[in-house]
Amino acid sequence: MKTDKPQTIQDDVIVTLNYTVKVDGEVVDTSNGHEPIEFIQGLGHIIDGLESNLYGMAAGESKQFTVKPEQGYGEQDPDAMAEIPRAEFPADIPLEPGVELVLKDEDGDEMEAHIVEVGEENVIVDFNHPLAGKTMDFSVEVVALRWATAEELDHRHVH
Ligand code: ZN
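Think of each chain on its own: its residues are numbered from 1, step by step along the sequence as written. Predicted model: local features are reported for residues with pLDDT of at least 70 only, side-chain atom pairs are reported and counted for 80 or more only, and whole-chain, interface and lining totals are derived from all residues. Excluded from the side-chain calculation are hydrogens and water; included are all heavy atoms of the structure.

A. Examining the pattern of salt bridges more closely. Should a side-chain nitrogen of Lys or Arg be within 4 Å of a carboxyl oxygen of Asp or Glu, the pair is scored as a salt bridge. Applying the stated rule across the entire model yields 1 salt bridge. The shortest N-O distance in the salt bridge between R146 and E152 comes to 3.0 Å. Relative accessible area decides the class of each residue, using a 1.4 Å probe on protein chains only: under 20% of the type maximum gives buried, over 50% gives exposed, and in between gives partly exposed. Taking the relative accessible area as the measure of exposure, R146 reaches 30% and is therefore partly exposed.

B. Main features of the environment of P130. Under the scheme used here, helices are H or I runs from DSSP no shorter than 4 residues and strands are E runs no shorter than 2 residues, and both carry numbers assigned from the N terminus. With respect to the helices and strands, the residue P130 is situated in the loop between β8 (122-126) and β9 (136-147). With residues near it in sequence (within four places) discarded, P130 still touches E100 and H114. Note on definitions: a residue-residue contact is assigned when non-hydrogen atoms from the two residues lie within 4.5 Å.

C. Layout of unusual backbone geometry. Positive phi, normally seen in glycine, also occurs at D12, with a value near 70°. Structurally, D12 is set in the segment before β1 (13-23). Owing to a relative accessible area of 29%, D12 belongs among the partly exposed residues under this scheme.

D. Structural context of the coordination of the zinc ion. Only nitrogen, oxygen and sulfur atoms qualify as donors, provided they sit within 2.8 Å of the metal or within 3.2 Å for Na, K and Ca; with water excluded from the atoms, sites may seem incomplete. At 2.0 to 2.2 Å from the zinc ion lie its protein donor atoms, namely H155 (ND1), H157 (NE2) and H159 (NE2). On the primary sequence, the residues serving as donors to the zinc ion are separated as H-x1-H-x1-H. When its relative accessible area of 47% is taken as the criterion, H159 is described as partly exposed.

E. Spotlight on the sheet that holds strand β5 (residues 81-85). For two strands to be treated as a pair, DSSP must find no fewer than two bridges joining them. Strand order across the open sheet formed by 4 strands is β5-β8-β7-β6, with antiparallel pairing between neighbours. Each edge of the open sheet carries a strand with a single partner, namely β5 and β6 (100-104). With strand direction ignored, the average angle separating the axes of adjacent strands in the sheet is 45°. Axis lines are fitted through C-alpha atoms, for helices just across the contact stretch, and the angle between N-to-C directions can take any value from 0 to 180 degrees.

F. The arrangement of the side chain of H114 in detail. Among the structural elements, H114 can be located in strand β7 (residues 110-118). H114 gets classed as buried once you look at its relative accessible area, which sits at 13%. Beyond its immediate sequence surroundings of up to four residues, H114 is in contact with G98, V99, E100, I124, V125, D126, N128 and P130.

G. Region of the structure containing the domain arrangement of the protein chain. What the domain assignment lists for the protein chain is domain 1 (13-73 + 132-155) and domain 2 (78-126). Each of domain 1 and domain 2 has a C-alpha centre, and these two points are 30 Å apart. Domain start and stop positions are those given by an automatic or database domain assignment.

H. Expanded view of the packing of aromatic side chains. Any two rings among Phe, Tyr and Trp, with Trp reduced to its six-membered ring, count as a pair given centres within 6.5 Å; such a pair is stacked if its planes are under 30 degrees apart, edge-to-face if over 60, and tilted if neither. Per the stated rule, a full pass over the model turns up 1 aromatic pair. Ring centres of F65 and F138 lie 5.5 Å apart, and the angle between their planes is 15°; on these two criteria the pair is classed as stacked. Highlighted residues: F65 in strand β4 (residues 62-67) and F138 in strand β9, separated in sequence by 73 residues. Considered together, F65 and F138 belong to a single accessibility category, that of buried residues.

Okay, structure coming up:
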C-alpha cells in the first residue's frame with residue numbers, strides 16, 4: 001500500500017470535493033451546507049464530464065467548467081414519460097409538478113421520477129433524470145486527497 005499522499009487527482013485516489021452545479025445561472029445542486037462528497041476517482045461513480053475535468057487537480061485547487069448533456073446525464077428521452085391515474089398515488093404524496101417520486105416497477109425495482117403535470121384524471125410522470133438534456137456549469141474545490149486502501153478498491157467504495 002502506498003503511504004504518501006497523492007499530489008494530484010488520478011485513478012485510485014479518494015477525492016473529497018465541494019461542488020456547485022448551475023443550469024442557466026441557477027444553482028440546481030451543491031454540497032454547500034452539506035458534507036463534501038467523497039468518491040474513488042476513475043470508477044465512473046460520478047458523471048463523465050466531472051470525473052474527466054478533475055484529473056491533475058491538487059488539494060486546495062478550485063476550477064470551473066461546463067459539462068454538456070452527453071458527458072452529463074444524457075439527452076431527454078421523450079419515451080421516458082408515463083401517464084398514471086391519480087387514484088394510484090397514495091394520499092400522502094402531494095400531486096404537484098416538480099415533486100420527486102420513487103416508484104416500483106412490476107419486478108419491484110425502484111425507479112426515480114418526478115411529476116411534470118397534474119391533470120384531473122391523470123398525473124404525467126417523467127423518468128428522465130431532472131438534469132437530462134441540461135448543460136451544467138460546475139464550480140469545484142478539491143478539499144482533500146488520499147490513496148484508496150486495497151480494501152476500498154476491492155469493495156469499489158469509500159470506507
Ligand atoms: Zn466496503
